[in-house]
Amino acid sequence: MDTQRAEVTAYVALGANLGDPAQALREALQRLSHAQGVRLVRASSLYRTAPVDSSGPDYFNAVAEIATTLTAPDLLTALQAIEQGAGRERPYRNAPRTLDLDLLLYGSAHIHSATLTVPHPRMGTRAFVLVPLHEIAPSLVADGALKAVSGQSIQRMRSDR
């Protein structure tokens, strides 16, 4: 008996600042759209931001809305596989990276485990998450949240996806 799970809407933040970060995000979106149990619904524009709690070159960031039949832990595993395929290394916390994929929201779930916290614990303090999330899902980002991060530098890149 085939017991297909119902799709859950989830949001994933994408970031990169090593190599060709814009291309890395485009390729990550492509890989995400082909991951088993994942359907890419939409993606924000690309944004350029200065590193936050990090160093190195500017980051390129985006947020993707997906529909998935994967559980949250299985989705996290799929995201980490995409990161590793892009050469992601984790030498230290907030190190510059070829690709970073963070699960921001998974339906209305609140998850607190050793490996996963959803909603993402720092998403509300970062313009590079809230601005692209607001672009594709404005109802998920309160005006006050956007105002709280308005001092952080973020630049929308021209659309050439």
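Up top is the structure these notes are about.
Here we summarise the structure given alongside this text. (Residues numbered from 1 in each chain as written. Predicted model: local features only at pLDDT ≥ 70, side-chain atom pairs only at ≥ 80, totals over all residues. Heavy atoms only, no water.)

What follows covers the side chain of S45. As for its position among the elements, S45 is in the loop between β2 (38-43) and β3 (47-49). Residue S45 is classed as buried on the basis of its relative accessible area of 6%. Within the structure, the side chain of S45 is placed 3.0 Å from the side chain of E135, a separation counted as a polar contact. A polar contact of 2.9 Å, which involves the side chain of S45, links it to the side chain of R156. (Helix = DSSP H or I, 4+ residues; strand = E, 2+ residues; numbered from the N terminus. Buried < 20%, exposed > 50% of the residue type's maximum accessible area, 1.4 Å probe, protein only. Polar contact = N/O pair within 3.5 Å; in protein donor to acceptor, adjacent residues only side chain to side chain.)

Right, let's talk about the pairing of strand β1 (residues 8-16) for a bit. Across the 9 residues that make up β1, a large majority, 8, are buried. The sheet contact formed by β1 and strand β4 (residues 59-68) spans 9 bridges and is antiparallel. By the bridge assignment for β4, L14 is matched with A62. Summarising the sheet, β1 and strand β5 (residues 100-106) pair through 6 bridges and their orientation is antiparallel. (Pairing = 2+ DSSP bridges.)

Per the stated rule, a full pass over the model turns up 4 salt bridges. Note that R39 is salt-bridged to E7, the shortest N-O span being 2.8 Å. Highlighted residues: R39 in strand β2 and E7 in the segment before β1, separated in sequence by 32 residues. (Salt bridge = Lys/Arg side-chain N within 4 Å of Asp/Glu carboxyl O.)

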